[in-house]
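# Observations on the model geometry
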Amino acid sequence: MSGAISIPFAFLALCLSNVAAKTWFAVLAYLGMGVYAIATTRQNYKLKEQSGSKADGKGGGDDSKQRRKKILDKLGDYRLKLKERMCELDRMHPNAFAEQTELVSKPFDGSTENLLNEIYAFIESNVGSAAREDFTDLQHMDRTPIEGIGTNSIYHPHWQSAIWRVRHYEHNLKIISERIDHYAP
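As a starting point, this report considers the structure included with it. (Residues numbered from 1 in each chain as written. Predicted model: local features only at pLDDT ≥ 70, side-chain atom pairs only at ≥ 80, totals over all residues. Heavy atoms only, no water.)

### Some words on the packing of aromatic side chains
Under the counting rule described, the total for this entry stands at 3 aromatic pairs. A ring pair is formed by Tyr120 and Phe135, whose centres lie 5.6 Å apart and whose planes are at 70 degrees; its orientation type is edge-to-face. Taken as a pair, Tyr120 in helix 5 (residues 110-126) and Phe135 in helix 6 (residues 129-136) lie far apart in primary sequence, 15 residues in all. The class for Tyr120 is buried, based on a relative accessible area of 15%. An aromatic cluster is built from Tyr120, Phe135 and Tyr169, whose rings are joined through pairwise contacts. (Phe/Tyr/Trp six-rings, centres within 6.5 Å; stacked < 30°, edge-to-face > 60°. Helix = DSSP H or I, 4+ residues; strand = E, 2+ residues; numbered from the N terminus. Buried < 20%, exposed > 50% of the residue type's maximum accessible area, 1.4 Å probe, protein only.)

Right, here's the structure in full:
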């Protein structure tokens, strides 16, 4: 709006031969630019206040950030627990693993099963069912053979499968943590 006023005044100030008229039109052109600058500044300030209040959600913005941080911290703790469990399973002989688990009905020993159930419940209640589905998804699981102690044991495939799954679940938790904003709580 100001340009519509200040540009013609500036043009008239340049074209007129009368010095007094030039001065008045130049003053009016500067006044129009000043009004435009003040109006734009006020409008931007109002927009900034409105966007700030929407982001805060009447003070709830800090709560959601704290909640998100707590969820991410807890997911990080679970990742560490899964890594520790994977190391424990890796150090365990397949026969010892078979003694701790019922291979017919469960793919995991009791400690791993309890940890996974705790993670399932946490994800379901705090992140959402879509994240839980992503957590339990076994697609793209790395099935690189694990060599070492107990390779000749008849329980080696079950032990190896348990390590693969724990490793994959830990990887899935990492992906969920990175994409936490895509899930509805």
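Moving on from the model shown.
### Remarks on the pattern of salt bridges
Applying the stated criterion across every chain, the model contains 6 salt bridges. Arg85 serves as the salt-bridge partner of Glu88, at 2.3 Å between the closest nitrogen and oxygen. Of this pair, Glu88 and Arg85 both sit in helix 3 (residues 60-91), separated by 3 residues, roughly a single helical turn. According to the relative accessible area criterion, Arg85 is buried, its value standing at 9%. One continuous salt-bridge network, built from bridges that share partners, spans Arg79, Lys83 and Glu170. (Salt bridge = Lys/Arg side-chain N within 4 Å of Asp/Glu carboxyl O.)

All we've got here are geometric facts, nothing functional implied.
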